[in-house]
Amino acid sequence: MSISRMLDVDVWRGTETGKFQLFSIPRREHQTVLDVVTEIQRDHDATLSYRFACRVGMCGSCAMVVNGRPRWTCRARVNEVVRDGERLRLEPLRNFTVVKDLAVEMTQFFEKWQQARGYFEPGPQPGNDFAVVPPSTPERQAADAGIECINCGVCYSACDVVAWDKDYLGPAALNRAWTLANDVRDKGNAERLKAVSHASGCHACHTHMSCTQFCPKAIAPTYSIAGLKRAVLRRNLGFTR
Amino acid sequence: MSAALFIAQRFTAFVLACAVAVHLATILYAVRGGLTAADILSRTHGNIGFAVFYGVFVVAVAIHAPIGLRNILREWTPWRGATLDIALGLFSILLLVLGFRAVLAVFTA
Ligand code: SF4
Ligand code: SF4
Ligand code: FES
C-alpha cells in the first residue's frame, strides 16, 4: 500500500446536535470508507463512535450517509465516492436517532418490522412434513426477490416518507411483510395485510424509489410495497390470495 | 391512508380518467365550427345522458379530491384526527353541491 496523498474527511460528531470535525488521513489504494473511519478512530481520535462487524457486506451494520447518500461503508471504495481533491463527508444514517457520532439507535426500525408482522406465522397446527415450494412458482419468485434483506437501514434512511411521517412502517419492514405474504406456508396473512394498511402503512408510499435506488442488496422495496397494495386490494374485494 | 380510502381514490381516479377524456373529446368535437352558449344549452337541456354523465363526474370528483387533499395535509401539516376528516367531509359536500348545482342549471336551462 502506498501513501500518496492525504484525504480530508468531515465526520459528524455529537448526537442530534453537534458539528463536523475535520480529519486528514492518508489516502491509500483500494481504501474503503470503513477503512477511513477505522483509521481515524485508531490513529486520531479513539472516542469516535461507529458500528461495523463483518467488513464484507454481510451484516449490514456499517451503514452511514456518505457524501449525502446512504450506503454500506465497508463496500464503498473511497475512489467511488470522491474524486481527487474532494472531501469525504460522513454522517449517521438519516431518520434514526443518533446515539453518538456515526452510530444510530435502530430500535424503532426493528419495532416496525414487528408492527408490519414481518415474522413467520406457522398457524395453530404447523405441518408435520417439509413443505414443498417449487422455485418456479410466482409466490416463491416474488419472495425470493426480497428475501436477501439484511436489515441495514439504508432504505429507511433514504425514504422521504419516513422523514415526514414518523409512524410510516418504511421500506424494509414492508418488504419483509411482502416476502411473508408470498410464503405459502404462512398462516398470518389476513392479520398482516391489516397491519400494513393503516394510515402509515403501504398506502403511504409515494413510489419515490429512493429505497430501491440505494438498497445495497439490489432489492426493490418499492415493488414489494406495490405488491402489498395489490394484495390488500384483492383482500378487500373478497379474494383470499 | 387507509385501504378503503386508497381503493376509493384509485377507483375514482379510473372513473375520472375516462370521464375527463370523454369531456375533452366532446369539447374539441363540439367547438370544431364555433359554438355559442345557446348551442350548448340547446343540446344539454333535458338531456338525461348528459346529466347522468356529469353527475357521475361530480361524485367522482367529490370523493377523489378530498382524499388527495387529506393526504397532502397529513404530510405537510401536523393536522390530524377528527377535525381534519370533518373539514374534508365538508369540502366534499361543497364539491357535491357546487357540481350538482351546475349540472342542474345546464340540464334545466
Ligand atoms: S418507494 Fe416508498 S418506501 Fe421507497 S423510498 Fe419511496 S416512499 Fe419510501
Ligand atoms: S431492503 Fe435493502 S437497504 Fe433496506 S434494510 Fe434490507 S438490505 Fe438494507
Ligand atoms: S460491516 Fe458488515 S456490511 Fe459493512
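Numbering of residues starts from 1 in each chain and follows the order in which that chain's sequence is written. Each chain takes a letter, starting from A, and each ligand takes a number, starting from 1, following the order in which they are written. Local features in a predicted model are, by the rule used here, given only for residues with pLDDT of at least 70; side-chain atom pairs are given and counted only at 80 or more, and totals for whole chains, interfaces and linings are based on all residues. Processing note: side-chain calculations cover all non-hydrogen atoms of the structure and skip hydrogens and water entirely.

Asks: Where do I start with the site of ligand 1 in this structure?
Replies: Residue and element names in this part refer to chain A. Lining the immediate surroundings of ligand 1 are 13 residues, of which C159, C205, H208, M209 and C211 lie closest. Of the pockets mapped on this structure, ligand 1 occupies the second largest cavity. Going along the chain from the N terminus, every DSSP run of H or I of four or more residues is numbered as a helix, and every run of E of two or more is numbered as a strand. Going through the elements one at a time, α9 (210-214) and α10 (221-236) are the ones with two or more residues in the shell around ligand 1. A class-by-class count of the residues in the shell around ligand 1 yields eight nonpolar, five polar and no charged. The cutoff for a nearby residue is simple: one of its non-hydrogen atoms must lie within 4 Å of the molecule or strand. Lining residues are defined by having an atom within 4 Å of a point belonging to a cavity or pocket. Those points lie on a 1 Å grid over the protein atoms alone, cavities being sets where a 1.4 Å probe fits but cannot get out and pockets being open sets with protein on both sides within 12 Å along at least five of seven lines. For a cavity or pocket, the test is whether more than half of a molecule's atoms lie within 2 Å of its grid points; if they do, the molecule sits there. Charged means Asp, Glu, Lys or Arg here, nonpolar means Ala, Val, Leu, Ile, Met, Phe, Trp, Tyr, Cys or Pro, and polar covers whatever is left, Gly included.

Asks: How should I be thinking about the layout of surface pockets in this particular structure?
Replies: The gaps left among the atoms become clear once a water-sized probe is rolled over them. All names here are of chain B. In this model, the largest pocket occupies a volume close to 440 Å³. In terms of lining residues, the largest pocket is bounded by 17 residues, among which T26, A30, T44, F50 and Y54 are the most central. Breaking the lining of the largest pocket down by element, the ones donating at least two residues are α1 (3-30), α2 (37-44) and α3 (48-76). Along the lines of polarity and charge, the residues of the lining of the largest pocket split into eleven nonpolar, four polar and two charged. Grid points are joined across faces, edges and corners, and a volume is the space filled by probe spheres set on the points.

Asks: Even after reading the chapter, I still don't get the nonpolar core, so can you show me in this structure?
Replies: For soluble globular proteins, the rule of thumb is that nonpolar side chains tend to be buried together. Counting 61 residues, the largest nonpolar core has V9(A), L88(A), L90(A), L102(A), Y168(A) and V196(A) as its most contacted members. Should any heavy atoms of two residues lie within 4.5 Å, those residues are counted as being in contact. Excluding anything up to four places from it in sequence, Y168(A) contacts K112(A), Y156(A), C159(A), V161(A), V162(A), L174(A), S200(A), G201(A), A204(A), C205(A) and I225(A). By size, the runner-up hydrophobic cluster in this structure holds eleven residues, among which are A19(B), F50(B), F57(B) and F107(B). Residues grouped as a nonpolar core are buried Ala, Val, Leu, Ile, Met, Phe, Trp, Tyr and Cys residues, joined through side-chain atoms within 4.5 Å. For every residue, the accessible area obtained with a 1.4 Å probe (protein chains only) is divided by the maximum for its type, and the residue is called buried under 20%, exposed over 50%, and partly exposed between those limits.

Asks: Explain unusual backbone geometry here, please?
Replies: Most peptide bonds adopt trans geometry, and most residues besides glycine take a negative phi value. All names here are of chain A. One non-glycine residue, D101, lies in the positive phi region at around 55 degrees. With relative accessibility at 2%, the residue D101 sits in the buried group. Positive phi, normally seen in glycine, also occurs at R117, with a value near 55 degrees. Within the fold, R117 resides in the loop between α3 (107-115) and α4 (138-146). We classify R117 as partly exposed; its relative accessible area is 24%.

Asks: So what exactly am I meant to see when it comes to the interface of chain B and chain A here?
Replies: Size of an interface, as often reported, equals the accessible area lost when the parts are brought together. Across the boundary between the two partners, chain B contributes eight residues, which contact eleven residues of chain A. We call two N or O atoms a polar contact when they sit within 3.5 Å, provided that within protein one can donate a hydrogen and the other can accept it, with sequence-adjacent residues counted only if both atoms are side-chain atoms. Joining chain B to chain A, the criterion identifies two residue pairs in polar contact (both at pLDDT 80 or more). Of all elements in the fold, only α1 and α3 of chain B reach the threshold of two or more residues within the side of chain B that touches chain A. Residue composition of the side of chain B that touches chain A, by class: five nonpolar, one polar and two charged.

Asks: Where do I start with empty space enclosed by the protein in this structure?
Replies: All names here are of chain A. Under the defined criterion, the tally for this structure stands at three cavities of 30 Å³ or more. Taken as a whole, the largest cavity holds about 110 Å³ of empty space. Surrounding the largest cavity, 15 residues form its lining, C149, C152, C155, C215 and I219 being those nearest its centre. Here the lining of the largest cavity takes three residues from helix α7 (residues 171-181), the largest share from any one element. Taken together, the residues of the lining of the largest cavity sort by class into eleven nonpolar, three polar and one charged. Roughly 90 Å³ of internal volume is contained in the second largest cavity. Lining of the second largest cavity is provided by 13 residues; of these, C159, C205, H208, M209 and C211 occupy positions nearest its centre. When its residues are assigned to classes, the lining of the second largest cavity shows eight nonpolar, five polar and no charged.

Asks: What is the right way to look at the packing of aromatic side chains in this model?
Replies: Aromatic ring pairs are described here by two measures, namely the spacing of the ring centres and the angle between the planes. To pair, rings of Phe, Tyr and Trp, with the six-membered ring standing in for Trp, must have centres within 6.5 Å; the planes then decide the type, stacked if under 30 degrees apart, edge-to-face if over 60, and tilted in the middle. According to the stated counting rule, one finds twelve aromatic pairs over all chains in the structure shown. On the basis of an interplanar angle of 15 degrees and a centroid distance of 5.5 Å, the ring pair of Y50(A) and F52(A) is categorised as stacked. On the accessibility criterion, F52(A) (32% relative accessible area) is partly exposed. Relative to Y54(B), the ring of F53(B) lies with its centre 4.9 Å away and its plane at 90 degrees, an arrangement referred to as edge-to-face. In this structure an aromatic cluster arises from ring pairing among F96(A), F109(A), F110(A), W113(A) and Y156(A). Positioned above the aromatic ring of F120(A), the side-chain terminus of R185(A) is 4.7 Å from the ring centre. Only Lys NZ and Arg CZ are tested; either one counts as a charge over a ring when it is within 6 Å of the ring centre and within 35 degrees of the ring normal.

Asks: Whenever I open this one, the packing of α10(A) against α1(B) confuses me. Can you help?
Replies: Two quantities define a packed helix pair, namely the angle between the helix axes and the distance between the axes. Their axes nearest at 10 Å, the elements α10(A) and α1(B) cross at an angle of 95 degrees. Viewed along their axes, α10(A) and α1(B) adopt a mutual orientation that is roughly perpendicular. Between α10(A) and α1(B), the residues in contact are K229(A), V232(A), L233(A) and N236(A) and A3(B), F6(B) and I7(B), respectively. For the contact of α10(A) with α1(B), a count of residues per class yields five nonpolar, one polar and one charged. Throughout, an axis means a line fitted to C-alpha atoms (over the contacting stretch in the case of helices), and angles, computed between N-to-C directions, take values from 0 to 180 degrees. Any angle from 65 to 115 degrees is called roughly perpendicular, while one under 35 is roughly parallel, one over 145 is roughly antiparallel, and all others are oblique.

Asks: What's the story with the sheet that holds strand β1 (residues 5-14) of chain A in this structure? I'm lost.
Replies: Within a sheet, each strand pairs with its neighbour through backbone hydrogen bonds, oriented either parallel or antiparallel. Residue and element names in this part refer to chain A. Spatially, five strands are ordered β2-β1-β5-β3-β4 in an open sheet, and the strand pairing comes out mixed. Of all strands in the sheet, those with a lone pairing partner are β2 (18-27) and β4 (69-72), marking the two edges. On average, each strand axis in the sheet is tilted by 30 degrees relative to the strand beside it, whichever way the strands run. The pairing criterion for strands is at least two bridges between them, as found by DSSP. Relative to β4, strand β3 (residues 63-66) is paired through four bridges, and the arrangement is antiparallel. Bridging across to β4, M64 finds its partner in R71. On the sheet, helix α1 (residues 33-44) packs against β1, β2, β3 and β5 (88-91) and is oriented at approximately 100 degrees with respect to β2.

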